[in-house]
Amino acid sequence: MKNLRVLLVDDEIMIREGFKRLFDWQAHDCEVVGEAGDGMEALAKIDALRPDIVIMDINIPIMNGLKVIQLSRMKNPNTAFVIVSGYDDFSYCREALRLQITDYILKPVNYEEFGTCIDNLKISLFEQRVSAVMESEKQEERTITGITRYLQEHLAEEISLAVLAEQFHLNPQYISQLFKSEIGVNFLAYLTNIRMEKAKKLLLSTSLSIAEVAEQSGYGDYRVFTKVFKKSEGITPSQYRRDFLKADEGEKR
């Protein structure tokens, strides 16, 4: 997996240096990408660097760590925060839990325990990402399934990407890309295919006129329908029906 990006936030330089020198970040698939010495700097670094993990003291100048986390959550909801503090105070712990921090570690830091914290955090972040990917895939599957079902149910109506976009509250371009990525053909090719399949079934199983078959297949103009059908099947709708009837009569004899 790719290295997780870490931001160190503490107003004591020696604490930050200790984290960098005394903990083997590489062994835990992490890299320190930045540091901050106060709350305002921390907010700016979080926005600029988008770290996966922020290791943060509570008692830092200008803005305390808990406030930084609260404000950061608005823009960076997926960032994991680990509090490293010299304060064993229940009110701090309670507020930190409310802000859904990953862990609360007391100074002086036991780096072996800190390594366990980082490994647990890696597992948690991995599971979150897997869950997000799976949910995204399920959503796309539900979307394309819903769209294709809609097409089958409204085949006789005027259908376009714009109509689908309005119906499913999606961007037309996104729907177009969805057909290509999920089915492997563009929207028009798919729509033409299912309309031709519907037309062939009607031609063979009903006595509807060509104009009526065209209308039920989504073509208001039977001449356009005939042209599209011939391009798709190589023969006209009338010939298609005739050939089937001839073959059917031959089998009966």
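Residues numbered from 1 in each chain as written. Predicted model: local features only at pLDDT ≥ 70, side-chain atom pairs only at ≥ 80, totals over all residues. Heavy atoms only, no water.

A few words now on the packing of aromatic side chains. A complete count under the given rule lists twelve aromatic pairs for this structure. Here the aromatic rings of Tyr150 and Phe168 are separated by 5.9 Å at their centres, their planes lie at 85°, and the arrangement is edge-to-face. With Tyr150 in helix H5 (residues 111-153) and Phe168 in helix H6 (residues 161-168), the pair connects residues that are 18 residues apart, well separated along the chain. You can call Tyr150 buried: its relative accessible area is 12%. Between Tyr219 and Phe225 the ring centres are 5.7 Å apart and the planes differ by 45°, which places this aromatic pair in the tilted class. (Phe/Tyr/Trp six-rings, centres within 6.5 Å; stacked < 30°, edge-to-face > 60°. Helix = DSSP H or I, 4+ residues; strand = E, 2+ residues; numbered from the N terminus. Buried < 20%, exposed > 50% of the residue type's maximum accessible area, 1.4 Å probe, protein only.)

Moving on, we come to the sheet that holds strand S4 (residues 80-85). One open sheet accounts for five strands, arranged S2-S1-S3-S4-S5; its pairing is parallel. Only two strands of the sheet have a single neighbouring strand rather than two, namely strand S2 (30-36) and strand S5 (103-106). Adjacent strand axes in the sheet meet at a mean angle of 20° when their direction is disregarded. Taken strand by strand, helix H1 (residues 13-22) contacts strand S1 (4-9), S2, strand S3 (53-56) and S4, and its axis lies near 170° from that of S2. (Pairing = 2+ DSSP bridges. Axes fitted to C-alpha atoms, helices over the stretch in contact; angles between N-to-C directions. Contact = heavy atoms within 4.5 Å.)

Tracing the backbone shows Leu7 in strand S1. Residue classification places Leu7 among the buried residues on the basis of a relative accessible area of 0%. Between the alpha carbons of Leu7 and Gly234 there is a distance of 65 Å; along the sequence they are 227 residues apart. Residue contacts for Leu7: discarding those within four places in its chain leaves Gly34, Glu35, Ala42, Lys45, Ile46, Leu49, Pro51, Ile53, Val54 and Ile55.

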